[in-house]
Structure formats: structure tokens, C-alpha cells
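So you can see what is in the structure, the chains are spelled out below.
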Amino acid sequence: MNNYPLIEGLSLEDKASLISGFAFWNTTAIETSGIPSVVLSDGPHGVRRQEQGADHLGINAARPSTAFPTASASASSWDRDLLGTMGVALGVEARALGVDVLLGPGVNIKRSPLCGRNFEYFSEDPLLSGELGAAWVRGLKSQGVGASVKHYVANDQETDRMSISAEVDERTLREIYLKAFHRVVAKSSPATVMVAYNAVNGEPVISNHWLLTQILREEWAYDGVVVSDWGAAASDVVAAVRAGLDLDMPGTGAGSAALIDAVTSGTLDEAILDRAASRVVELATTLVGNRAHASDLDVDAHHALARKIAEQSGVLLKNEGVLPLTAETAGTIAVVGEFARTPRYQGAGSSHIVPTRLDSALDAIRERAGDRLVHFEPGFTLDGKHNVELVDRAVAAAHDATDVVVFLGLPPEDESEAFDRVTMDLPADQLALLQRIASVNDRVTVVLSNGGVVSVEPWRGSVAAILEMWLGGQAAGSAAASLLFGDANPSGKLAETIPLALADTSSFHNFPGNGQTVLYGERIYVGYRHFDSVRHDVAYPFGHGLSYTSFKYQDLRVDVIEDALEVQVTITNSGPRDGAEIVQFYSVPPKSGEDRPTHELIGFEKVTVQTGASVRVTTRIPLGDLDYWSIKSRQWVRADGVYTIQVAASSRDIRLEAGIELVGTEPARPLTLDSAMGDWFADADGAVALQEMMAQFATRGSGEWDDATRPLVLPMPLRTILPMAASKLPFPVLGERLLQRLSELRADPIGRS
Ligand code: GLC
């Protein structure tokens, strides 16, 4: 009798086949034992259900499903409930399409704006990524559908993604790259965790026991299924299973034979195989049993939801008196840009969806403009070739129009899974067009459709408004029109900094590496953690986003209640219309044992406030979220002292702040004779012991060192300085007495005379 009753009676071949996957999207069924096959399919912002011609790059056809806003867009909503609702809808669609596990959310961190899959990830910040990812998973699970949080871990680029080794120090891994995964695991228990292709510090994640077992299982107590990214275990499935992999996808059959050989030859403990197979059986029997959950798929309702999410994800970066447009005034609206007619709404690769519908912004603007004439000019072609005639026509239309709305963005071939960008710039033909248009009309609004951040610096000063729609899904066109005309009040805020230039980014010298390794040399200083710590100007900061109304922040209160901070603030809508405000909470820590960013996001709440009204916002932040990873003691610790809690409209727009004192948990560094003299004087007991000894035996008392001498002496280890400063007694004896006195004081602090 083994410890895994779920696999009781299964042969070695059965168990190996459960782990090895059966087909591209299926696990193995074992009918005689009532074990069904699990169907997995891509997400994360739509169900890509393929029944013929399977692939993991979005090449072959898939059944139509709702193309929801990509993560780059939905993250800008900062709205847990909205992401949860998206997860519910995806769960309904997955069920309707016969899918048991939807492969998402993607919570890798945007350490560079150039990563080709940034459209598929949420943020540069792990808290925001983890909170939104967990909300998405909880929504999906409510429909009995499993998730697959991906790509565990440090898969933050596409260049050489199947071979590169991310060289990351442990503190950076834990505080930045593992943190979002930990939050999703802790707050939503996803059915599976997907292992990335890359290596970390020279060890492929797929066979990295520290990451797959010590961290995921032993520290985080994760009890779901660890599944490979497609083909990630191809080189050595036995090593992968030994390290903690449970499911090798896609099913190729090769894995099965290797596993049987390994167990037969004794190189793989059958108990490990049993554990993995048992987890797969549990997954299958749980999820497939939920298929009864399937409810009718309301395509129109999901399209409306996609539009609502896109509306709440649009970020109004700039608005100087031109938005919202009104249908009530006269004057032509010139709509320029092929993306107004041919929407740019999703990314390329495994997440590529066949949408159920597709709204064009041009149609939506025409519907919404009332009697105003709408004149459309494509201005550029999607192949990026400069077309003089198109430009001239667009400029002429802009010249004669009252308002101009220009739809720009990154063409599909500029950003995708499998490769990274080499520039942040918009295509040259689009920039040339915009420059000409801005020279003939001063009421220009630019609407952007892009997954990765684009440079706005060269041109933002010459336009009146900028609306960032990201890759906003199949309804982004109508959502953009709704925001432009003010039917929806913009509330989105940046989940990623827009730098002035690529060269300003902290990963600039270390992206994408040299083909073998990529050094995470910026350490924890990713995104705003870098820009704010070095006070570097940015085009638009993390957390920035405008509204058609305005908000006041008042009456901040911070308390410690049990093991959490309770932060309360009153938000008043002081503007002309109802709106939603994303309130951000940052922590400025006291000096601690490690260097730290100047501030870090510790919480956020989105609140809807009617014009003229006030709402009291309360948030609870676990004290553990203020901790840092101590390199010295290899554990999470809390710095001792006064934290400044900031309440902000963005990382650069701090509205209120208050101090709160917290007792630290930093373990006192053991004082030894190799410790610096300054460390002894900084320690209450150490100072007493050292002063007593100096008073008795020193040729020069510590008090005699003047300000010029002290900085030279205090950093010196006792073993070096004492023999020079206290020659009345040989050092070995002196040192022993000092340590003896210290231990007496430690044992009986009141004995401090
Ligand atoms: C791809 C992607 C992963 C996707 C999987 C299946 O290579 O990395 O995100 O879920 O394979 O298509």
C-alpha cells in the first residue's frame, strides 16, 4: 500500500503516462480506473481552444472566444473585483469550450519595457501583479476551472527564453520575481503552476529542486500540480520529476518511457513518481468532475464585459482642454490612423484569440459623434511603409478639422511571444505622420494601442491629449470612443513606468544578456523602485492616470491592529462628475540592514465617488508586506523604527503621509572579536563591555578619539584595533575577558553597571 490511495492499483506504465501528458492539450485518461483526461488550453485573456492542428504559438485556428483586454490593459484598472469578474467569464467560456485548465495568469515582472510578452504580464511591481493575478484565479476557480500561474520564474524576456540563465541574487528573486507567484499561490491556490523554459543561476528551473520543491512546496506549502511549459522538460524529464515536476506537457510519449526506465533502473525513486501521478489524478478527478458547471455562454454579455474592462483600463496620460469630445459642438472630427479602422487589440503568440466580435474605434466614433462630421484617413499602412499620399491626405484632413484623434501603436510584428523589441519607439512612419499633423492642428489627441510601453517623449509636448489603451481586447475600439466622449470617465493608472528614454531604465545594460546569461544587475531596483530611488525624471510615473474629475485626499489615519496596518483616508470628488480613483499606499522604511528602494507599494484600493461626495477608504496591510529579505540571515525581517506610510495618487503624487513605529525583527548580528568596533559601540551590551575594558586597559580611552579619528577607527575589527589601543594586556586574554563580560550582560542586562 503506497501513501497515495488515488493511484492504488495503477501500473508503473499507467503512472508514467499520467505524468507525461497524452496529446498537445490533453493528459492521459485511464478509463479502467475512472481517471479522465484533463484538457488544458491557453489564456490568459481568452480561451484558445484548438481541436485540430494544435500549436503553442497561435498559428493554427482556434474556436472563437472573447478576446478580453490583455494583462497590460487590465492591470491598469488596479481593480481586483474586475479581474475577478474577468476570471469568472473566462471560466464560463472555458467550460463551454471543454477546457479544464486555462493557462494563465502571467505574472512575470516587467524589468525591461522591451520584453516581447509584456502585453501578457501585469506590472513592474510584484504586489500589483500578485493581487490582480490572484483575483483572476479566484474568479476562474469559481467556475470549477483550474489556472496555471506562469511562467515560474524569472522568465522576463523572450530572447533565448529556452536556454538563457537569469543570474539573480536570492534577495531580488524573493522580493521581486518570486513575490507575485507567492501571492497568487497564497491567495488563490491555483490548480497548477507552470514552470518556465529558462534557467536561474545556471540551473534550469524545470530541474531546480530549490525552486520547485524547497520554495514552492516546503516554504509556500503549495499542493497543486507543477506543469512544464510546453516542451520545457524535453531535455530530461527524469531530472525534472526528481526536482518536483508533476506533469510534462505536451504529451509526446517519450517522457513516459524515460520515467519507466529510470524507476526500473533505480535512478528515480518510485515514491516520487507516485506523488506526481497522484497529483495529476487529483487534478483530473476534481476538474473534470466540474464539467457539469458548464453554463450558457452569453457572447454579448462577455463582449460588454470586455468593453467595461477596457474602459476601466484606459489610462489618460495627458489632457489639455480637448477631452472629453462632445457631439454637441460643431466642427469636423478627423480620425487618423489605420488602427482606428483595423483594431490593434491583442498580442501574438500562444495567447492569440479568434474573437467573437471586433469593434473598430472609427465605427464607434461615428455612432457617437452625433451631427459632427467624422473624416477618416488611414495615414499609414500596417506594413510600416511610408506612404506619402496617405500622409498628405491625413494632414489635409487634420488641417481642416476642429478636433483630431490619431490612433497609433505597435504593429503585430513589433511585439510578440518568442522575441523582444529593440526599441521603445513607435514606428518611424507613424512618428513622421504625427509630427506633420501636430504642426497643423493644436487640438490633437493620440490614442495608443501597444502591449509594451512606447516612448512618448519625442512627441507628447506637441499634442494636447494622450489616451493609452494598451492591447485592450475585442471591444477596445468602442471603449476608446466611450472614453473620448466621456461616456466613461477615465480611471486607469499606469502599472508600468513610462520612462523618458530606454537608456534610463535600470536594466538597460543587462537586457537581454549575451545568449547564455542575463544578469539582473539592477537587483531590486526595477521600475519605480529605480526611478524614484535615484530621483530620475520619467515621462509618466508608475500609478499615474488622469480623470475628467478631481479628487482630494484628507484625514489620514494609520494604526497597527493585530499583525496588520490599518490605513484610513477620506477621498472627496471635488470635480464636476462621478469618477473612480485608485488610491495607492507606499511605505518608506527606516534604515535597515540592507539597502532598500526609497518607497514600495504596499497596498491599493479603487473607490468610486460621486461628484461632491466623500468616501472613507480603509485598507488593511499585513505587517509582513513591509518586510525585506535579509541577505545576512536569509530570512524575512522587519526593520526597526518609524515607517512613513504614503497615500498617493501615483508614485510621484504623494497626497498624505504619516509615521508609524514598528518593532523590528532583525536578528542582532552576533558580536565577535572580528566585529567592527562601531558594531560593539552600537550594541547596548557591547558598548558597556567595551567601555569597561577600555577604561581598565586602554592606553587611549574611546573618549579621547576626536571626530577625525573616530571614523577611521570604528570600522576596524576589534581583533585589529584592540592590540593597538589597549596594550596593558595581551590581546588573547583581553579578547576572552571582553566576550565573557558580554555574555554576562546578555544573560543579565540589568547587571549593566
Ligand atoms: C508557450 C508559452 C506558454 C503557453 C504554452 C502553451 O510556449 O510559453 O505561455 O501557455 O506554450 O501554448
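Please read all numbers here as calculations on a predicted model, not as lab measurements.

A. Seen up close, the overall build of the protein chain. What the protein chain contains, in helices and strands, is 23 helices and 24 strands. In terms of overall dimensions, the protein chain is globule-like: its C-alpha atoms have a radius of gyration of 29 Å, near the 27 Å expected for 753 residues. By principal-axis analysis of the C-alpha atoms, the protein chain measures approximately 100 × 70 × 50 Å. The buried share among the 753 residues of the protein chain stands at 61%.

B. Geometry of the domain arrangement of the protein chain. Annotation of the protein chain at the domain level lists domain 1 (304–534), domain 2 (551–662) and domain 3 (677–751). For domain 1 versus domain 3, the separation of C-alpha centres amounts to 65 Å.

C. Summary view of the site of the ligand. Close to the ligand lie 15 residues; Asp-42, Arg-117, His-151, Tyr-197 and Asp-229 are nearest. Here an oxygen atom of the ligand sits 2.5 Å away from a polar atom, N or O, in the side chain of Asp-42. Within the side chain of His-151, a nitrogen or oxygen atom sits 2.7 Å from an oxygen atom of the ligand. For the ligand, the accessible surface in isolation is 310 Å², of which the surrounding protein chains cover 100%. Here the residues of the shell around the ligand sort into five nonpolar, three polar and seven charged.

D. Inspection of the side chain of Arg-95 at higher detail. With respect to the element layout, Arg-95 can be found in helix α3 (residues 80–96). A polar contact is formed between the side chain of Arg-95 and the backbone oxygen of Gln-143, at a distance of 3.5 Å.

E. Quick peek at the pattern of salt bridges. Counted under the stated rule, the structure contains 53 salt bridges. Measuring nitrogen to oxygen at the nearest pair gives 2.7 Å for the salt bridge that ties Arg-183 to Glu-131. Placement of the pair is Arg-183 in helix α6 (residues 179–188) and Glu-131 in helix α4 (residues 126–141), with a sequence separation of 52 residues. Comparing Arg-183 with Glu-131, the two get one shared label, buried. Residue Arg-596 pairs with Glu-600 through a salt bridge whose shortest N-O separation is 3.9 Å. Here the two residues Arg-596 and Glu-600 agree in accessibility, since each one is buried. Bridged by salt links that share partners, the residues Asp-42, Arg-48, Arg-117, Glu-120, Lys-150, Glu-158, Arg-161 and Glu-417 form one connected network.

F. Main features of unusual backbone geometry. The omega torsion across Tyr-152 and Val-153 is 0 degrees, close enough to zero to call that bond cis. On the secondary structure map, Val-153 appears in the loop between β3 (146–152) and β4 (165–167). Cis rather than trans, the peptide bond between Leu-323 and Pro-324 has omega equal to 0 degrees. Its place among the elements puts Pro-324 in the loop between β9 (315–319) and β10 (333–336). Even without glycine at this site, Trp-78 takes up a positive phi of about 50 degrees. As for its placement among the helices and strands, Trp-78 is situated in the loop between α2 (71–74) and α3. Of the residues examined, Trp-78 reaches a relative accessible area of 1% and is grouped as buried. Not every positive phi belongs to a glycine, and Glu-562 is a case in point at roughly 55 degrees. Tracing the sequence through the fold places Glu-562 in the loop between β16 (551–561) and β17 (564–573). By relative accessible area, Glu-562 is classed as exposed at 69%.

G. Layout of the packing of aromatic side chains. Enumeration over the complete set of coordinates arrives at 11 aromatic pairs. A centroid spacing of 5.4 Å and a plane angle of 90 degrees characterise the contact between Trp-78 and Phe-604, whose relative ring orientation is edge-to-face. With Trp-78 in the loop between α2 and α3 and Phe-604 in strand β19 (residues 600–609), this pair connects stretches of sequence that are 526 residues apart. Measuring from ring centre to ring centre gives 4.5 Å for Tyr-528 and Phe-542, while their planes differ by 20 degrees; the resulting arrangement is stacked. One end of the pair, Tyr-528, is in helix α18 (residues 528–531); the other, Phe-542, is in the loop between α18 and β16, with 14 residues separating them in the sequence.

H. Representation of helix α5 (residues 170–177). Within α5, seven of the eight residues are buried, leaving the element largely enclosed by the surrounding structure. Taken together, the buried positions of α5 are occupied by Arg-171, Thr-172, Leu-173, Arg-174, Glu-175, Ile-176 and Tyr-177. Measuring from the backbone nitrogen of Arg-171 back to the side-chain oxygen at the start of α5 gives 3.3 Å, which picks out Asp-169 as the cap.

I. Quick peek at the packing of α5 against helix α7 (residues 209–219). Following both chains from N to C, one finds α5 and α7 inclined at 55 degrees, their axes separated by 14 Å at the closest point. On the basis of the axis angle, α5 is oblique to α7. At the point where α5 passes α7, the crossing takes the right-handed sense. Between α5 and α7, the residues in contact are Glu-170, Leu-173 and Arg-174 and Trp-210, Ile-215 and Glu-219, respectively. Of the residues assigned to the contact of α5 with α7, the class counts are three nonpolar, no polar and three charged.

J. Structural detail: the sheet that holds strand β23 (residues 641–650). Taken in spatial order, the four strands of this open sheet run β19-β18-β23-β24, and their pairing is antiparallel. Strands at the two margins of the open sheet, each flanked by one partner only, are β19 and β24 (653–662). Each strand axis lies, on average, 20 degrees off the axis of its neighbour in the sheet, ignoring direction. Note: strand β18 (residues 579–588) against β23, five bridges, orientation antiparallel. The residue bridging Phe-585 from the neighbouring strand is Val-647, located in β23.

K. Region of the structure containing the sheet that holds β3. In spatial order, the strands read β1-β2-β3-β5-β8; together these five strands make up an open sheet with parallel pairing. Two strands bound the open sheet, and with one partner strand each, they are β1 (40–42) and β8 (225–228). Recorded for the sheet is a direction-independent mean angle of 30 degrees between the axes of neighbouring strands. Bridge analysis of strand β5 (residues 192–195) against β8 gives four bridges, and the strand direction is parallel. When the sheet's bridge partners are listed, Val-195 is paired in β8 with Ser-228.

L. Quick look at the environment of Thr-159. In this fold, Thr-159 is placed in the loop between β3 and β4. For Thr-159, a relative accessible area of 23% corresponds to the partly exposed category. Beyond its immediate sequence surroundings of up to four residues, Thr-159 is in contact with Ile-164, Asp-420 and Pro-512.

M. Expanded view of the environment of Arg-174. Examined against the element boundaries, Arg-174 turns out to sit in helix α5. Here Arg-174 is in contact with Lys-179, Trp-210, Ile-215, Glu-219, Trp-629, Arg-634 and Trp-636, once residues within four sequence places are set aside. Polar contacts involving the side chain of Arg-174 include one to the side chain of Glu-219, which spans 2.9 Å.

N. Up close: the pairing of β23. A large share of β23 lies buried, amounting to eight of its 10 residues. When β23 meets β24, the two strands line up antiparallel, connected through nine bridges. What sits directly across from Gln-646, in β24, is Glu-657. Here β23 folds back onto β24, and the loop between the two strands holds two residues.

O. Layout of the pairing of β5. Of the two faces of β5, both are covered, the one formed by Thr-192 and Met-194 as well as the one formed by Val-193 and Val-195. Here three bridges tie β3 to β5, and the two strands are oriented parallel to one another. Paired with Tyr-152 across the bridge in β5 is Val-195.

Basis of the calculations
- Residues numbered from 1 in each chain as written.
- Predicted model: local features only at pLDDT ≥ 70, side-chain atom pairs only at ≥ 80, totals over all residues.
- Heavy atoms only, no water.
- Helix = DSSP H or I, 4+ residues; strand = E, 2+ residues; numbered from the N terminus.
- Rg over C-alpha atoms; globule rule 2.2 N^0.38 Å.
- Buried < 20%, exposed > 50% of the residue type's maximum accessible area, 1.4 Å probe, protein only.
- Domains from an automatic or database assignment.
- Near = heavy atom within 4 Å.
- Polar contact = N/O pair within 3.5 Å; in protein donor to acceptor, adjacent residues only side chain to side chain.
- Areas by Shrake-Rupley, 256 points an atom, 1.4 Å probe, with all protein chains shown as cover.
- Nonpolar A, V, L, I, M, F, W, Y, C, P; charged D, E, K, R; others polar.
- Salt bridge = Lys/Arg side-chain N within 4 Å of Asp/Glu carboxyl O.
- Phe/Tyr/Trp six-rings, centres within 6.5 Å; stacked < 30°, edge-to-face > 60°.
- Axes fitted to C-alpha atoms, helices over the stretch in contact; angles between N-to-C directions.
- Parallel < 35°, antiparallel > 145°, perpendicular 65-115°, else oblique.
- Left-handed = near helix turned anticlockwise from the far one by under 90°.
- Contact = heavy atoms within 4.5 Å.
- Pairing = 2+ DSSP bridges.

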